[in-house]
Amino acid sequence: QVRLIVSGGGLVQAGGSLRLSCAASGRTFSSRTMAWFRQAPGKERQFVAAITSRAEITSYADSVKGRFTISRDNAKSTVYLQMNSLKPEDTAVYYCAARELPGISERSSDYGFWGQGTQVTVSS
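Residues numbered from 1 in each chain as written. Predicted model: local features only at pLDDT ≥ 70, side-chain atom pairs only at ≥ 80, totals over all residues. Heavy atoms only, no water.

Describe the environment of Gln116, and please don't skip the residues or the numbers.
Inspection of the secondary structure assignment puts Gln116 in the loop between strand E10 (111-114) and strand E11 (118-123). Sequence separation between Gln116 and Val2 is 114 residues; the distance between their C-alpha atoms is 13 Å. In this structure Gln116 touches Leu4, Ile5, Val6 and Tyr95, once residues within four positions along its chain are discounted. Separated by 2.7 Å, the side chain of Gln116 and the backbone oxygen of Val6 make a polar contact. (Helix = DSSP H or I, 4+ residues; strand = E, 2+ residues; numbered from the N terminus. Contact = heavy atoms within 4.5 Å. Polar contact = N/O pair within 3.5 Å; in protein donor to acceptor, adjacent residues only side chain to side chain.)

Before we move on, can you summarise the packing of aromatic side chains with the specific residues and values?
In the structure shown here, the tally under the stated rule is four aromatic pairs. With a centroid separation of 5.7 Å and an interplanar angle of 75 degrees, the aromatic rings of Phe37 and Phe47 are classed as edge-to-face. Taken together, the positions of Phe37 in strand E4 (residues 34-39) and Phe47 in strand E5 (residues 46-51) put the pair ten residues apart, joining distant regions of the chain. An identical accessibility class is assigned to Phe37 and Phe47; each is buried. Centroid distance Phe37 to Trp114: 5.1 Å. Interplanar angle 55 degrees. Geometry classified as tilted. With Phe37 in strand E4 and Trp114 in strand E10, this residue pair connects regions lying 77 residues apart in the sequence. Classification of Trp114 as partly exposed rests on a relative accessible area of 27%. Put simply, the rings of Phe37, Phe47, Tyr95, Tyr111 and Trp114 touch in pairs and so form one group of aromatic residues. Positioned above the aromatic ring of Tyr95 is the side chain of Arg45, whose terminal nitrogen or guanidinium carbon lies 3.9 Å from the ring centre. (Phe/Tyr/Trp six-rings, centres within 6.5 Å; stacked < 30°, edge-to-face > 60°. Buried < 20%, exposed > 50% of the residue type's maximum accessible area, 1.4 Å probe, protein only. Lys NZ or Arg CZ within 6 Å of the ring centre and 35° of its normal.)

Tell me about unusual backbone geometry, and please be specific about residues and values.
The phi dihedral of Ala55 is positive, around 65 degrees, even though this residue is not glycine. Looking at where Ala55 falls in the secondary structure, it is placed in the loop between E5 and strand E6 (58-60). Exposure remark for Ala55: the relative accessible area of 38% places this residue in the partly exposed category. One non-glycine residue, Ser77, lies in positive phi territory at about 50 degrees. Looking at where Ser77 falls in the secondary structure, it is placed in the loop between strand E7 (68-73) and strand E8 (78-83).

Requested: an account of the state of the cysteines, with residues and values cited.
On inspection of all chains with the given rule, the structure shows one disulfide. A disulfide bridge connects Cys22 with Cys96, and the sulfur atoms are separated by 2.1 Å. Taking the sign of the S-S torsion, about -75 degrees here, the bridge from Cys22 to Cys96 comes out left-handed. Of the two residues, Cys22 is situated in strand E3 (residues 18-24) and Cys96 in strand E9 (residues 92-99); the sequence distance between them amounts to 74 residues. What makes Cys22 buried here is its relative accessible area of 0%. Taking the relative accessible area as the measure of exposure, Cys96 reaches 0% and is therefore buried. (Disulfide = S-S within 2.5 Å.)

Requested: an account of the sheet that holds E8, with residues and values cited.
The strand order across the open sheet formed by four strands is E1-E3-E8-E7, and the pairing between neighbours is antiparallel. Looking along the sheet, the strands with just one partner apiece sit at the ends: strand E1 (4-7) and E7. Strand after strand, the sheet turns through a mean of 15 degrees between neighbouring axes, direction not considered. As defined by bridge partners, E3 adjoins E8 across six bridges and the pair is classed as antiparallel. When the bridges of E8 are listed, Cys22 appears paired with Val79. (Pairing = 2+ DSSP bridges. Axes fitted to C-alpha atoms, helices over the stretch in contact; angles between N-to-C directions.)

And the structure:
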């Protein structure tokens, strides 16, 4: 089992930055692909970014490329999402997820463990 605790959301003006953190319990963090998803009101959950177990591969949604950076610290069992140049359309609840199988995936159904979500609100 993997327990994920998300922190770092909040309210920020357009153009600002936030960093989300996702701390994992358990011994298997360093072997898992991790990802961030987001869900805006009335919309489906959307892939944001993913990173493989040793950070050898990262993947980003087109909407966040060049603005968001996913990273991880396996010694701290934590994955991060640095969000720069935030836009009002980035407003959503952001979720951290852990995958049971290796490799990158952009499908939420491929992730078996989820954090509680944190609200990110970007004002114009």
